[in-house]
Amino acid sequence: MAPRAWSRLVVAEHRVVWLRNDLRLADHPALHRACDDSQAQVTALYAYTPGQWRQHDMSLVRQDFEWRQLRALATSLAELNIALVVIEANDYATLVPEIVAWCQSHQVSALYAHEAYELNEQARDKHLQQGLHAQGIATHWLHDSCIITPGQVLTGDGRFYTVFTPFKRNWLAQLAAHQVQLLPPPSKRPAPAIQSTALSASAPGLARDARQPLLDTLWPVGEREAHKRLAQFIADDGRRYKDQRDFPAINGTSTLSPYLAAGVLSARQCLVAAEQHKRHHADQQGLDTWISELCWRDFYKHILTGFPHVCRHQAFKRDTDRLPWSTHEAHFAAWCAGQTGFPIVDAAMRQLNETGWMHNRLRMIVAMFLTKDLFIDWRLGERYFMQQLIDGDLSANNGGWQWSASTGNDAAPYFRIFNPFLQSKKCDPDGAFIRQFVPELAHLDAKRIHEPHAKGRDVRLAYPLPIVDHGKARLDTLAYFKALTPP
Ligand code: FAD
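Residues numbered from 1 in each chain as written. Predicted model: local features only at pLDDT ≥ 70, side-chain atom pairs only at ≥ 80, totals over all residues. Heavy atoms only, no water.

A. Molecular detail of empty space enclosed by the protein. Within the structure shown, the criterion is met by 3 cavities of 30 Å³ or more. Estimates place the volume of the largest cavity at around 60 Å³. Lining of the largest cavity is provided by Leu60, Val61, Asp64, Ser202, Leu206, Ala207, Arg208, Asp209, Gln212 and Leu215. Within the residue set of the lining of the largest cavity, elements represented by two or more residues are α3 (60-79) and α7 (212-218). The element best represented in the lining of the largest cavity is α3, accounting for 3 residues. Of the residues in the lining of the largest cavity, the class split is 5 nonpolar, 2 polar and 3 charged. (1 Å grid on protein atoms, 1.4 Å probe; cavity = no way out; pocket = protein on both sides within 12 Å on 5 of 7 lines; lining within 4 Å. Points joined across faces, edges and corners; volume = space filled by probe spheres on them. Helix = DSSP H or I, 4+ residues; strand = E, 2+ residues; numbered from the N terminus. Nonpolar A, V, L, I, M, F, W, Y, C, P; charged D, E, K, R; others polar.)

This is the structure in structure tokens:
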């Protein structure tokens, strides 16, 4: 990053928008509000906090994606005469006084930002608000990341829902009653009095990744790119989503999760695009199923808000924290590396390690395998996912892990345990996905590829035997869960 070069401001009103997981121009409530006075000077702030990111296990792939998107956004902001200033601090504790000092020295009148729902971020924002108010600087917190703000979808007696189906019913009813309105991007501002930070090609201190060319191709940045993906998915695959979404060898899902996690797109934009398409095209039940996935996204953010103990990685169902989880290091290492001897699990983990992304069905399979077959604490899997995922998001990740481990919001009882071989045959019937990521099995036919050592060890294969016996592991896990429930 280039040295800071900030000139002093002479304008009457200076507003600042703190960009977080909302790296876009369109449908951006905070930016929209900050720009509602056409004469005000508006500056965008971005906080680069590498120590905090490490503490939160933010993957290098995600950090890289975010930085590349920031660079793209800086160009778009510059066209609107909005300077982008990057404040670098190791963690939140050191960041807050930096932002306060910066705002003070640049005569900022108000800071605009979107509400965070995670505990650490809420504590950070509270400190910031106190610091700014002490200097006479106003703060405006707006809701952004959900389609319906957490706390607005509640049971009849005002409590947070704990299971998805009734939440979704209420969520859909509210959407039917109030149409979602999108906000336009801001228009061009008066020339900025502040110089933007010059952004280096990659995030400062971030090691170049050997996967970079692949990552650039798989995950190109920019709002335009995100909208192109959204439009393409809705027009080409939306109708078939319901039928295709469980087959990882088919590109049947939107792959928009990195863009939603970094806020290159808003969930509202996704919903409105799907609804508009449905209005003009018949036979779009597939898109209804896709809208349900957007609802899952909101659901887990509601859970985070209503049951904040999950932010501390405590089990949603507290009694399940008494489970005697295994700490088998070799099993965990085999799972991480995609060397378990269960081809679908290994293919999935290798997809994650190579591309930073994993198909939803596979996330469920590998999470259930780690927690129910290896009986390893879901928190280790949750953490490893965050360290690898390009779309790592506390609420969706924690929700998905706890759902799979039967410690969270799964309406089904703990004895739902996937059989990884059967799952493999169902979701990858001809083995195409396994062949792509486990090349040492690529020559096997569709029958053998799911369980290559089914008839005893095949010494010609450079592929491990299954590290556990699924049948036995299942019974052990059931017994552990059963022991929790009073007779
Ligand atoms: P699509 O099927 O096209 O769905 C559209 C969007 O809806 C997604 O981009 C995502 O934002 C949202 N969405 C879809 N399914 C879910 C879901 N079950 N829960 C919450 N939101 C959902 N998603 C993340 O964004 N970040 C995570 O860190 C994450 N970790 C997960 C961990 C586990 C163990 C499991 C089972 C699921 C996890 N998910 C996570 C949810 C889901 O797997 C991904 O959102 C999805 O695979 C992304 O692919 P897509 O964009 O093609 O999704």
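Now, onward.
B. Highlighting the pattern of salt bridges. Scanning all chains against the criterion turns up 28 salt bridges. Its salt-bridge partner being Arg416, residue Asp410 comes within 3.0 Å of it at the nearest N-O pair. We classify Arg416 as partly exposed; its relative accessible area is 33%. The structure contains a network of salt bridges with shared partners spanning Arg24, Asp27, Asp144 and Arg268. (Salt bridge = Lys/Arg side-chain N within 4 Å of Asp/Glu carboxyl O. Buried < 20%, exposed > 50% of the residue type's maximum accessible area, 1.4 Å probe, protein only.)

C. Structural detail: the pairing of strand β4 (residues 110-114). Here β4 lies mainly inside the structure; 5 of its 5 residues are buried. Across the two faces of β4 the burial is the same, with Ala110, Tyr112 and His114 and Leu111 and Ala113 all buried. Sheet topology note: the strand β1 (residues 14-19)/β4 ladder contains 3 bridges and is parallel. By the bridge assignment for β4, Arg15 is matched with Ala110. As paired strands, β4 and strand β5 (residues 138-142) are joined by 5 bridges and run parallel to one another. (Pairing = 2+ DSSP bridges.)

D. The arrangement of the sheet that holds strand β3 (residues 83-88) in detail. Overall, parallel pairing links the 5 strands, which are arranged β3-β2-β1-β4-β5 in an open sheet. Where the open sheet ends on each side, the last strands, each with one partner, are β3 and β5. The average undirected angle you get between the axes of adjacent strands in this sheet is 25 degrees. Inspection of the sheet shows strand β2 (residues 41-48) paired to β3 by 6 bridges, in the parallel sense. Bridge pairing in β3 places Ala44 opposite Leu84. Of the strands in this sheet, β1, β2 and β3 are in contact with α3, which crosses β2 at around 170 degrees. Packing of helix α4 (residues 92-105) onto the sheet brings it into contact with β1, β2, β3 and β4, and relative to β3 it is tilted by some 140 degrees. (Axes fitted to C-alpha atoms, helices over the stretch in contact; angles between N-to-C directions. Contact = heavy atoms within 4.5 Å.)

E. The arrangement of the packing of aromatic side chains in detail. Across all of its chains, the model carries 26 aromatic pairs by this definition. Relative to Trp67, the ring of Tyr48 lies with its centre 5.5 Å away and its plane at 65 degrees, an arrangement referred to as edge-to-face. One end of the pair, Tyr48, is in strand β2; the other, Trp67, is in helix α3, with 19 residues separating them in the sequence. Each member of the pair, Tyr48 as well as Trp67, is classed as buried. Each ring, one from Phe307 and one from Phe316, has its centre 4.9 Å from the other, and the planes form 75 degrees; the classification is edge-to-face. Take Phe307 and Phe316: they sit in the same class, and that class is buried. Taken together, the ring pairs connect Tyr161, Phe164, Phe167, Trp296, Phe299 and Tyr300 into an aromatic cluster. Sitting over the ring of Trp18, Arg20 keeps its end group 4.2 Å from the ring centre. Against the face of Tyr92 rests Arg124, its NZ or CZ located 4.6 Å from the ring centre. (Phe/Tyr/Trp six-rings, centres within 6.5 Å; stacked < 30°, edge-to-face > 60°. Lys NZ or Arg CZ within 6 Å of the ring centre and 35° of its normal.)

F. Representation of the site of the ligand in the model. Near the ligand you find 28 residues, and of these Tyr241, Thr253, Ser254, Thr255 and Asn360 are the closest. Here Arg363 contributes a side-chain N or O atom positioned 3.3 Å from an oxygen atom of the ligand. Between the ligand and the protein, one listed contact pairs an oxygen atom with a backbone N or O atom of Asp393 at 3.1 Å. Protein coverage of the free-state accessible area of the ligand, which is 820 Å², stands at 96%. Mapped onto the shell around the ligand, the elements with two or more residues apiece are α10 (257-261), α12 (285-306), α15 (360-373) and α17 (394-405). When residues in the shell around the ligand are grouped by element, the largest group, 6 residues, is from α12. Grouping the amino acids of the shell around the ligand by side-chain chemistry returns 15 nonpolar, 8 polar and 5 charged. (Near = heavy atom within 4 Å. Polar contact = N/O pair within 3.5 Å; in protein donor to acceptor, adjacent residues only side chain to side chain. Areas by Shrake-Rupley, 256 points an atom, 1.4 Å probe, with all protein chains shown as cover.)

G. Region of the structure containing the UniProt feature "site: Electron transfer via tryptophanyl radical" (unreviewed entry) in the chain. Within this numbering scheme, the UniProt entry marks Trp325, Trp378 and Trp401 as carrying the feature "site: Electron transfer via tryptophanyl radical" (unreviewed entry). Judged by maximum C-alpha separation, these annotated positions cover 77 residues in sequence but sit close together in space, the widest gap being only 14.4 Å. On the secondary structure map, Trp378 appears in helix α16 (residues 378-388). On the basis of relative accessible area, Trp378 is assigned to the buried category, the value being 0%. Looking at where Trp401 falls in the secondary structure, it is placed in helix α17. (UniProt positions renumbered as here; feature names shortened; annotations may be inferred.)

H. Here's a closer look at helix α5 (residues 119-134). Here α5 contains 16 residues, and its C-alpha end-to-end distance of 23 Å stays within 8% of the 22 Å for a straight helix at 1.5 Å per residue. The secondary structure elements touched by the buried residues of α5 are β1, α4, β4 and β5. Downstream of α5 by a residue or two, Gly136 has a phi angle that is positive, lying close to 75 degrees. (Expected span 1.5 Å × (residues − 1).)

I. How the structure looks around the domain arrangement of the chain. If you check the domain split of the chain, you get domain 1 (14-144), domain 2 (146-180 + 221-306) and domain 3 (318-482). Summarising the inter-unit geometry, the C-alpha centres of domain 2 and domain 3 are found 26 Å apart. Taken together, the contacts link 18 residues of domain 2 with 22 residues of domain 3. The three residues of domain 2 that bury the most area against domain 3 are Asp246, Pro248 and Tyr300, which together make up 35% of that side's buried surface. (Domains from an automatic or database assignment. Buried area = accessible area lost by both parts, 1.4 Å probe.)

J. Representation of the nonpolar core. Grouped together as the largest cluster of nonpolar side chains are 97 residues, with contacts concentrated most on Ile147, Trp171, Trp290, Trp335 and Val345. Ranked by the residues each element gives to this core, the list is headed by α12, at 9 residues. Apart from the residues within four sequence positions on either side, Val345 is in contact with Trp335, Thr340, Ile365, Val366, Phe369 and Pro420. Ranked by size, the runner-up nonpolar core spans 29 residues in total, among them Cys35, Leu70, Leu73 and Leu199. (Core = buried A, V, L, I, M, F, W, Y, C linked by side-chain atoms within 4.5 Å.)

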